[in-house]
Amino acid sequence: MAWPLQVQDLLLLLLVFCSAFPETYGRPPQAPVKCKRGSCTVSNAYGVWGDRKDCLVSAVIYPTTEEELRLAVARANQKNQKVKIVSGFSHTIPKLTCPGSPPENSIVISTAKYNTDISIDVKNLTVTADSGVGLRDLIDRVEEAGLSLVASPYWEGVSLGGVISTGSHGSSWWGNGGAVHDHVVGISLVVVAGPPEGYAKIIRLESKDPLFNAARVSVGNLGVISKVTLSLEPGFKRSITNIFKNDTQLENEFLDHAQRHEFADITWYPSRQTAVFRTDDRVPLNTSGDGINDFIGFQSTPTVASIGIRAIEKALESKNDFKGKCTLAATETGYKKLVGNGLKNNKVTFSGYPVVGRQGKMQTSGSCLHSSEINLLSMCAWDPRIKGLFFYESTAIFPVPKFKDFISDVKKLRDLKPEKFCGVDIYNGFLIRFIKASGAYLGQSEDSVVVDFNYYRADDALTPRLAQDVWEEVEQMAFFKYRAKPHWAKNRKLAFIGAQEKYPNFGRFLEAKKQLDPRGMFSSETSDEFLLGRVIAKSNGCAMEGECICSEDGHCNPDKGYLCKPGLVYKAARVCRDSSISSF
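Now for a look at the structure at hand. Being a predicted model, the structure only gives us computed values, none of them experimental.

In terms of regular secondary structure, the chain is built from 14 helices and 27 strands. For a compact globule of 584 residues, the expected C-alpha radius of gyration is about 25 Å, and the chain comes in at 23 Å, within 12% of that figure. Viewed in the frame of its principal axes, the chain has a C-alpha envelope of about 75 × 60 × 50 Å. Counting over 584 residues, the chain shows a buried share of 61%. As displayed, the chain has an accessible area near 22,300 Å², and 54% of this comes from carbon and sulfur atoms.

This is the structure:
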């Protein structure tokens, strides 16, 4: 039984190799649109969509000004083309940016070069920026003016328009909350128009406008976001301390933790029976400390390490080696604890808690983005060019009263076979965050708890995964037993089944869409599957990657022994389970 020890030794070697080059900068991510011989392929940052099918379009347009953006929409409207918007980052997991077929009658408009205008109004504490502006550029300019943006997602590789349109968020129940769209005070859209108005026009919306709450989270279905105005606050610092606790009372402690600390979150490692409570609060600017948040998962990683960790994962999967997975999880979580999970005192290394730094350096991270084109030895660990990490990401948004019972059910499932939960702990366990009720029609309609979890994805769509049934049961438990909402930019397709029924104002959003996009220029078959939760026809193997929920063995992979079975705790779930391995 030496294999788990070999896994641990190899992983430690890889981690030591990474830490030996703490300031290594690698190659930035590839562009999401590639054109050749009269056609273009649109992808995301991971190099593959959920259905693994290419998205083909006839052309990509790169406007640099708001008027150029309007003209691009006008020309598409004149030609009766389908249109979708893609940023320079393209980190959406669902296929939201694909206009659909036929390719010759569809285009994408990229905001990658529409990213120069950032106007700060110090007196009124607002910032207005082009929709293509990157989050890091926006935050840095705001901080230079002595101000701070309060809410942002944890990953900075996103555009301002992308953040708003998909409902992206950080974590907070304080003030206006942790969702970025709840800090929007103005938004401009390029929408279709008739010939007298030049086939496209710009509308500017503020909170008093009837369409404002439809536009704040629109999933790209109303028009093209051109400008966004966000509220700001005087600059401040944050103080972060991670407290490691046994998870015995997690379901009874999360509420108090969120209420006590402004930017609180919790990382739960079920297989380790450990919950990491992040006490995270603002402190005055004169508080000592010049720390940064350089989250390990978003650092530039030596290519050999990314490839090596993926190779270990694949080997463990092929051997059905749960013990090896648990060794990998224990080593990963131990290393993260040792180095503060990327927090650095005085910008250099982690030397202990608390870590204090300016808001702009503590709220978000993504150092692997800011790299040199010529360095091929280090890049984001999931960059598809190196065949490194490859994973799913599920994100469920729970009403607060239901979250306690969800934790209890996950614990019951975990306690049947704890080793089946080691796979998620190799990544970042369950990341638990908090967002307030929102007036946005496609935002959260009540105070909510958001859970993210990443887990192994096979190279081939029909290749079974170790503990596949567990993650399918957790996923279905979240979205169907507890009626959690899906994050619009994440999740496998099944998470969106019936999603519109969970939004009290979904009908009002559709009314706004009919008004602004009457012929459905910004809709597509693929995006409608997510936005409208349409159930597609089932086929052999469709459940293996969440394209459907299995109802017969053929929807799994019976040739490999994976059959459609009921859940173990959530009996209504239907999951693909390995019939050669005991469920208990």
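In this model helix α12 (residues 468-481) runs 19 Å from its N-terminal to its C-terminal C-alpha over 14 residues, within 8% of the 20 Å that 1.5 Å per residue would give. Of all 14 residues in α12, twelve are buried, a share of seventy percent or more. Buried residues of α12: Q468, D469, V470, W471, E472, E473, V474, E475, Q476, M477, A478 and F479, and no others. With its phi angle positive at about 55°, R483 sits one or two positions after the end of α12.

Moving on, we come to unusual backbone geometry. In the segment running from Y353 into P354, the intervening peptide bond is cis, with an omega of -5°. With respect to the helices and strands, P354 occurs in the loop between β19 (343-344) and β20 (355-358). Here N320, not a glycine, exhibits a phi torsion of approximately 50°, which is positive. Positionally, N320 belongs in the loop between α7 (303-318) and α8 (322-338).

Right, let's get into the state of the cysteines. One pass over the full model with this rule turns up seven disulfides. Here C550 connects covalently by a disulfide to C564, the sulfurs 2.1 Å from one another. Across the S-S bond linking C550 and C564, the dihedral sits near 80°, which makes this disulfide right-handed. Here the residue C550 occupies a position in the loop between α14 (525-531) and β26 (562-566), and C564 occupies one in strand β26, the gap between them amounting to 14 residues. Comparing C550 with C564, the two get one shared label, buried.

For the coordinates displayed, the defined rule picks out 27 aromatic pairs. An angle of 85° between the planes, with centres 5.0 Å apart, marks the rings of F254 and F403 as edge-to-face. Of this pair, F254 sits in helix α6 (residues 250-260) while F403 sits in helix α10 (residues 400-416); the two residues are 149 residues apart in sequence, bridging distant segments of the chain. The exposure class assigned to F403 is buried, which follows from its relative accessible area of 1%. Directly above the aromatic system of F263 lies the positively charged group of R238, at a separation of 4.0 Å from the ring centroid. Across the ring face of F277, the terminal group of K245 is positioned such that the distance to the ring centre comes to 4.8 Å.

Here five strands make up an open sheet; going across it, the order is β7-β8-β12-β10-β11 and the pairing antiparallel. Sheet topology places β7 (118-121) and β11 (200-206) at the edges, where each strand pairs with a single neighbour. Between one strand axis and the next, the sheet turns by 15° as a mean value, whatever way the strands run. By the bridge criterion, four bridges tie β7 to strand β8 (residues 126-130) in an arrangement that is antiparallel. Counterpart to I118 in the pairing with β8 is A129.

Now for helix α13 (residues 506-516). Where α13 is concerned, the buried positions are F506, F509, A512, K513 and L516. Considered in projection along α13, the buried side chains sweep an arc of 115° and stay on one side of the axis. Opposite the packed face of α13, turned more than 90 degrees from it, sit the exposed residues E511, K514 and Q515. In the core, the buried residues of α13 are packed alongside β10 (184-192), β11, α5 (212-215) and α14.

Here we come to the nonpolar core. Of all hydrophobic cores here, the largest spans 108 residues; its most connected members are I164, L230, F430 and W471. Within the second largest apolar cluster, 15 residues are counted, among which are I107, I109, Y114 and F522.

Quick look at the packing of α10 against α12 now. Packed helices, taken two at a time, are described by the angle between their axes plus the distance between the axes. Two elements in contact, α10 and α12, have axes whose closest approach is 11 Å; the angle formed by their N-to-C orientations is 160°. Overall, the two elements α10 and α12 adopt an arrangement that is roughly antiparallel. In the crossing of α10 with α12, the sense of the turn from one axis to the other is right-handed. In contact with F406, D409, V410 and L413 of α10, α12 contributes V470, E473, V474, M477, A478 and K481. Among the residues forming the contact of α10 with α12, the class breakdown is seven nonpolar, no polar and three charged.

Before going further, it helps to examine the side chain of R457. In this fold, R457 is placed in the loop between β24 (448-456) and α12. Taking the relative accessible area as the measure of exposure, R457 reaches 5% and is therefore buried. Looking at R457, its side chain comes within polar contact range of the side chain of E545, at 2.8 Å. Those residues in contact with R457 that sit more than four places away from it in its chain are V48, W49, G50, R52, R310, F390, F391, Y392, R465 and E545.

In this section: the pattern of salt bridges. Under the definition given, this model contains 42 salt bridges. E156 is the salt-bridge partner of R136, the closest N and O atoms lying 2.9 Å from each other. A residue pair is termed long-range when its members are at least 10 positions apart, and R136 in helix α3 (residues 135-144) and E156 in the loop between β9 (147-148) and α4 (160-166) qualify at 20 residues. E156 shares its class with R136; the two are buried.

Rules used throughout
Residues numbered from 1 in each chain as written. Predicted model: local features only at pLDDT ≥ 70, side-chain atom pairs only at ≥ 80, totals over all residues. Heavy atoms only, no water. Helix = DSSP H or I, 4+ residues; strand = E, 2+ residues; numbered from the N terminus. Rg over C-alpha atoms; globule rule 2.2 N^0.38 Å. Buried < 20%, exposed > 50% of the residue type's maximum accessible area, 1.4 Å probe, protein only. Areas by Shrake-Rupley, 256 points an atom, 1.4 Å probe, with all protein chains shown as cover. Expected span 1.5 Å × (residues − 1). Disulfide = S-S within 2.5 Å. Phe/Tyr/Trp six-rings, centres within 6.5 Å; stacked < 30°, edge-to-face > 60°. Lys NZ or Arg CZ within 6 Å of the ring centre and 35° of its normal. Pairing = 2+ DSSP bridges. Axes fitted to C-alpha atoms, helices over the stretch in contact; angles between N-to-C directions. Arc of directions from axis to C-beta. Contact = heavy atoms within 4.5 Å. Core = buried A, V, L, I, M, F, W, Y, C linked by side-chain atoms within 4.5 Å. Parallel < 35°, antiparallel > 145°, perpendicular 65-115°, else oblique. Left-handed = near helix turned anticlockwise from the far one by under 90°. Nonpolar A, V, L, I, M, F, W, Y, C, P; charged D, E, K, R; others polar. Polar contact = N/O pair within 3.5 Å; in protein donor to acceptor, adjacent residues only side chain to side chain. Salt bridge = Lys/Arg side-chain N within 4 Å of Asp/Glu carboxyl O.

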